[in-house]
Amino acid sequence: MLPVHDEIEWLISPALVPYPTAMAEMEARGAAVAAGTARELIWLLEHPPVYTAGTSADPAELIDPRFPVYATGRGGRYTYHGPGQRVGYLVLDLNKRGRDIRNFIKSLEEWLIDTLGALDIAAYAVPGRVGIWTDDRGEAAKIGAIGVRVRRWITLHGFAVNIATELSDFGGIVPCGLRESPVTSVKMLGKTPDFGAFDAALVARLGLFLHRLSLPVQNEA
């Protein structure tokens, strides 16, 4: 059993959660957090295969709608969710964690990079491209996507990291609008695709992630 932060509920769903169900529950929790009637939430889960369209989605990048397609309020373009992918929804109150969306995204990137590092995967951020990258057979490949929405300083949506994802399922879209960039997974990199190890590494670094939210973003030279 993973520890639960005092102010944040840490929830892991063992079965696949339909995308509409997750969205309804996330939205309800966000409203409750804003009203002060519920704790913040970090929810880890997997979805049945779906494509989701962010607020910047280009219809031309939906190549083959072989799975259900859902419009969503998060930022970004088209992405895929499916079995073998660890999805994390973050319902956090930035009113008490620093009202800085840029810092929130940067801190989220760093949290995922640190977590993958614990699995012996050298991940990194690419300037100008939100998400998590690593080297796969000599080229940069995307292993994790980030798409968030902030309403009344409450965060919604979050991240998706490919653990043992069927990568061919990304073929129906241009993932995140990046035509020339491949996607990869923990399994594709030859590492053990262990959800338990990933989740444990993630929660072990939760305190550092929350600490970073309170720090100002340093301007890059």
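Please read all numbers here as calculations on a predicted model, not as lab measurements.

Undergrad: Help me understand helix H3 (residues 195-204), please; the structure alone is not making it clear to me.
TA: An α-helix turns once every 3.6 residues. As a result, residues three or four positions apart point the same way. Residues of H3 that are buried include every one of Phe-195, Phe-198, Asp-199, Ala-201, Leu-202 and Val-203, and no others. Among the structural elements, strand E1 (8-12), strand E2 (40-45), strand E6 (85-91), helix H2 (101-118), strand E10 (154-162) and helix H4 (206-213) are those in contact with the buried residues of H3.

Undergrad: What's the story with the environment of Phe-195 in this structure? I'm lost.
TA: Among the structural elements, Phe-195 can be located in helix H3. Distance from Phe-195 to Trp-10, taken between C-alpha atoms, is 15 Å for residues 185 residues apart in sequence. Setting aside its immediate chain neighbours within four residues, Phe-195 contacts Glu-46, Gly-84, Gln-85, Arg-86 and Ile-163.

Undergrad: Please explain helix H1 (residues 19-35) as it appears in this structure.
TA: With 17 residues, H1 should reach 24 Å at 1.5 Å per residue; the first-to-last C-alpha distance of 24 Å fits that figure. Directly beyond the C-terminal end of H1, a positive phi value near 80° is found at Gly-36.

Undergrad: Whenever I open this one, the sheet that holds E10 confuses me. Can you help?
TA: Adjacent strands of a sheet form backbone hydrogen bonds with each other and so pair up, either parallel or antiparallel. With mixed pairing, seven strands are arranged side by side in an open sheet as E1-E2-E6-E10-E9-E8-E7. Strand pairing shows two members of the sheet lacking a second neighbour, E1 and strand E7 (123-126), which therefore form its edges. Between one strand axis and the next, the sheet turns through 20° on average, direction left out of account. Looking at chain direction, E7 and strand E8 (residues 129-136) are connected through three bridges and run antiparallel. Its bridge partner being in E8, Val-126 is matched across the sheet by Arg-129. Contacting E1, E2, E6, strand E9 (139-151) and E10, H1 crosses the sheet at an angle of about 145° to E10.

Undergrad: How do you make sense of the nonpolar core when you look at a structure like this?
TA: The nonpolar side chains of a soluble globular protein tend to be buried with one another. Judged by nonpolar contacts, the single largest core of 32 residues is most densely connected at Phe-159 and Phe-209. When contributions to this core are tallied by element, the ones reaching two or more residues are E1, E2, H2, E9, E10, H3 and H4.

Undergrad: Where do I start with the packing of aromatic side chains in this structure?
TA: Aromatic rings considered in pairs are described by the distance between their centres and by the relative angle of their planes. A complete count under the given rule lists ten aromatic pairs for this structure. Residues Trp-10 and Trp-111 carry aromatic rings whose centres are separated by 6.5 Å and whose planes lie at 65° to one another, so their mutual orientation is edge-to-face. Taken together, the residues span a long stretch of sequence, with Trp-10 in strand E1 and Trp-111 in helix H2 at a distance of 101 residues. Trp-111 shares its class with Trp-10; the two are buried. Among the aromatic residues, those joined into a ring-pair cluster are Trp-10, Phe-104, Trp-111, Phe-159 and Phe-209.

Undergrad: Got a minute to help me understand the sheet that holds strand E3 (residues 50-53) in this structure?
TA: Read across the open sheet, the three strands follow the order E4-E3-E5; overall the sheet is mixed. Strands at the two margins of the open sheet, each flanked by one partner only, are strand E4 (69-71) and strand E5 (78-81). Recorded for the sheet is a direction-independent mean angle of 30° between the axes of neighbouring strands. Across three bridges, the pairing between E3 and E4 is parallel. Of the residues in E4, the one forming a bridge with Thr-52 is Tyr-70.

Undergrad: What is the right way to look at the pattern of salt bridges in this model?
TA: For side chains of opposite charge, pairing can occur when their charged atoms come near one another. Here the structure, examined in full by the defined rule, presents 13 salt bridges. Of the charged contacts in the structure, one is a salt bridge between Glu-110 and Lys-106, with a shortest N-O distance of 2.6 Å. Of the two residues, Glu-110 and Lys-106 both sit in helix H2, four residues apart, roughly one turn of that helix. For Lys-191, the salt bridge is made with Asp-120, and the minimal N-O distance between the two is 3.1 Å. With a gap of 71 residues between them, Lys-191 in the loop between E10 and H3 and Asp-120 in the loop between H2 and E7 connect regions that are remote in the sequence. Look at Lys-191 and you get partly exposed, because its relative accessible area is 28%. A cluster of three or more residues bridged by salt bridges with shared partners is formed by Glu-7, Glu-40, Lys-96 and Arg-97.

Undergrad: Help me understand unusual backbone geometry in this model?
TA: As a rule of thumb, non-glycine residues mostly have phi less than zero, and peptide bonds are mostly trans rather than cis. In this structure, Arg-137 takes a positive phi of about 55° despite not being glycine. Inspection of the secondary structure puts Arg-137 in the loop between E8 and E9. If you check the backbone angles, His-157 has positive phi at about 65° while not being a glycine.

Cut-offs applied
Residue numbers run consecutively from 1 along every chain, following the written order of its sequence. Per-residue local features are limited, in this predicted model, to residues with pLDDT of at least 70; the limit for side-chain atom pairs, both in listing and counting, is 80 or more; totals at the level of whole chains, interfaces and linings are taken over all residues. Side-chain calculation: all heavy atoms of the structure are included, whereas hydrogens and water are not. Partly exposed residues are those whose accessible area sits between 20% and 50% of the maximum for their type, while under 20% is buried and over 50% is exposed, using a 1.4 Å probe and protein chains only. Per the convention used, a helix needs a DSSP run of H or I reaching at least four residues, while a strand needs a run of E reaching at least two, with both numbered from the N terminus. Any pair of residues with heavy atoms lying within 4.5 Å of one another is described as a contacting pair. Each residue after the first adds 1.5 Å to the expected span of a helix. By the convention used here, strands pair only if DSSP detects at least 2 bridges between them. The convention used is that axes are lines fitted to C-alpha atoms, helices contributing only their stretch in contact, and that angles between N-to-C directions extend from 0 to 180 degrees. Only buried residues count toward a nonpolar core. Its members are Ala, Val, Leu, Ile, Met, Phe, Trp, Tyr and Cys residues joined through side-chain atoms within 4.5 Å. Note on aromatic contacts: the rings of Phe and Tyr and the six-membered ring of Trp form a pair at centre separations within 6.5 Å, being stacked when their planes are under 30 degrees apart, edge-to-face when over 60 apart, and tilted otherwise. By definition, a salt bridge exists where a carboxyl oxygen of Asp or Glu is found within 4 Å of a side-chain nitrogen of Lys or Arg.

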